[in-house]
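Structure at a glance
Listed here are the chains, written in short residue letters.
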Amino acid sequence: MLTDRERDAQLAIARQVKGLRQGRRWSLDELASRSGVSKGMLVQIEGARTNPSIGTLCRVAESFGVSIGRLLEAEPEPVVKIVGAEEPAVLWRGPDGGTGRLLRGVNDPAFVEVWDWRMAPGEEHDSGDHTPRTREIIHVHAGELETEIGGAAYRVTAGETIDFQADRPHRYRSSGTVEAVLTMVVVMPQGEHDRRA
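Attention here is on the structure that accompanies the text.

Procedures and definitions
- Residues numbered from 1 in each chain as written.
- Predicted model: local features only at pLDDT ≥ 70, side-chain atom pairs only at ≥ 80, totals over all residues.
- Heavy atoms only, no water.
- Helix = DSSP H or I, 4+ residues; strand = E, 2+ residues; numbered from the N terminus.
- Buried < 20%, exposed > 50% of the residue type's maximum accessible area, 1.4 Å probe, protein only.
- Contact = heavy atoms within 4.5 Å.
- Lys, Arg positive; Asp, Glu negative; His and termini not counted.
- Charge placed at Lys NZ, Arg CZ, Asp CG, Glu CD.
- Pairing = 2+ DSSP bridges.
- Axes fitted to C-alpha atoms, helices over the stretch in contact; angles between N-to-C directions.
- Salt bridge = Lys/Arg side-chain N within 4 Å of Asp/Glu carboxyl O.

**A short note on the overall build of the protein chain**
- In terms of helices and strands, the protein chain carries 5 helices and 10 strands.
- Over its C-alpha atoms, taken along the principal directions, the protein chain stretches across nearly 50 × 40 × 35 Å.
- For the protein chain, the residues scored as buried account for 45% of the 197 residues in total.
- Summarising the internal contacts of the protein chain: among those between residues at least 6 apart in sequence, 67% fall at separations of at least 24.
- Computing the positive centroid from 25 side-chain charges and the negative centroid from 30, the protein chain places the two 6 Å apart.

So, in structure tokens, the structure goes:
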């Protein structure tokens, strides 16, 4: 069952995806082709009848050339915005209670997202690939994170930061004995991305 914040996020995503698609005069078939997300899933998203995965949101946002944060916006971007501690919706839930929350995403002057991740020992998240030239910077505050990038594994412990090209398949796993707490910054190139190209 969704919390009120998660339901609000679901409604904002539905409104933004439909508005961005219609603003470009794309059919659902066109968006499906560009994003690699099925038409059926897009219908569910636009109808606010599903809680799409982060990977699905990434693909849809990339096809429009916007950040995931843009898909969550309910109103135009203010000059100054303070995001309350409880405001960001949980966009990923691990089987053992882990969470991934998008703290803030901006589209101007560059596409940047700031995430708060908490992963119980053994939890994993498969991220797939992002738009070419996308980078991720992850700082581990507590615990230990194993990051697999293009088949190679990298161990990152509390106090360390990893910076990598995220335009290739990658995954994260909390590999220690305590919860992994991390801040992730995702920096994406501007412009629409068509996965057919």
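Continuing now.
**Brief notes about the pairing of strand β3 (residues 111-119)**
- Strand direction decides the pairing type here: strand β2 (residues 99-106) and β3, joined by 7 bridges, are antiparallel. The partner of L102 across the bridge, within β3, is W115.
- Here β2 hands over to β3 after 4 residues, the two strands then running antiparallel side by side.
- Sheet topology note: the β3/strand β10 (residues 180-188) ladder contains 9 bridges and is antiparallel. Bridge pairing in β10 links R118 to V181.

**Quick notes on the sheet that holds β10**
- Here we have 6 strands laid out as an open sheet, ordered β1-β2-β3-β10-β5-β8, and antiparallel in their pairing. With partners counted over all chains shown, the strands left at the sheet margins are β1 (90-93) and β8 (161-165), one partner each. Between one strand axis and the next, the sheet turns by 20° as a mean value, whatever way the strands run.
- With 5 bridges joining them, strand β5 (residues 135-142) and β8 adopt antiparallel strand pairing. Considered in β8, the bridge of R135 is made with Q165.

**Details of the pattern of salt bridges**
- Here the structure, examined in full by the defined rule, presents 15 salt bridges.
- In this structure, the salt-bridge partner of K81 is E87, at a minimum N-O distance of 3.8 Å.
- With relative accessibility at 41%, the residue K81 sits in the partly exposed group.
- Judged by relative accessible area, E87 falls into the partly exposed class, the value being 41%.
- For the salt bridge of R168 with D167, the shortest nitrogen-to-oxygen distance reads 2.9 Å.
- Since its relative accessible area comes to 37%, R168 is described here as partly exposed.

**Considerations on the sheet that holds strand β4 (residues 124-128)**
- Spatial strand order, β4-β9-β6-β7: 4 strands in an open sheet with antiparallel pairing. The strands lining the two open edges of the sheet, one partner per strand, are β4 and β7 (152-157). Neighbour-to-neighbour, the strand axes of the sheet open up by a mean angle of 20°, direction not taken into account.

The values reported here are purely geometric and, on their own, carry no functional implication.
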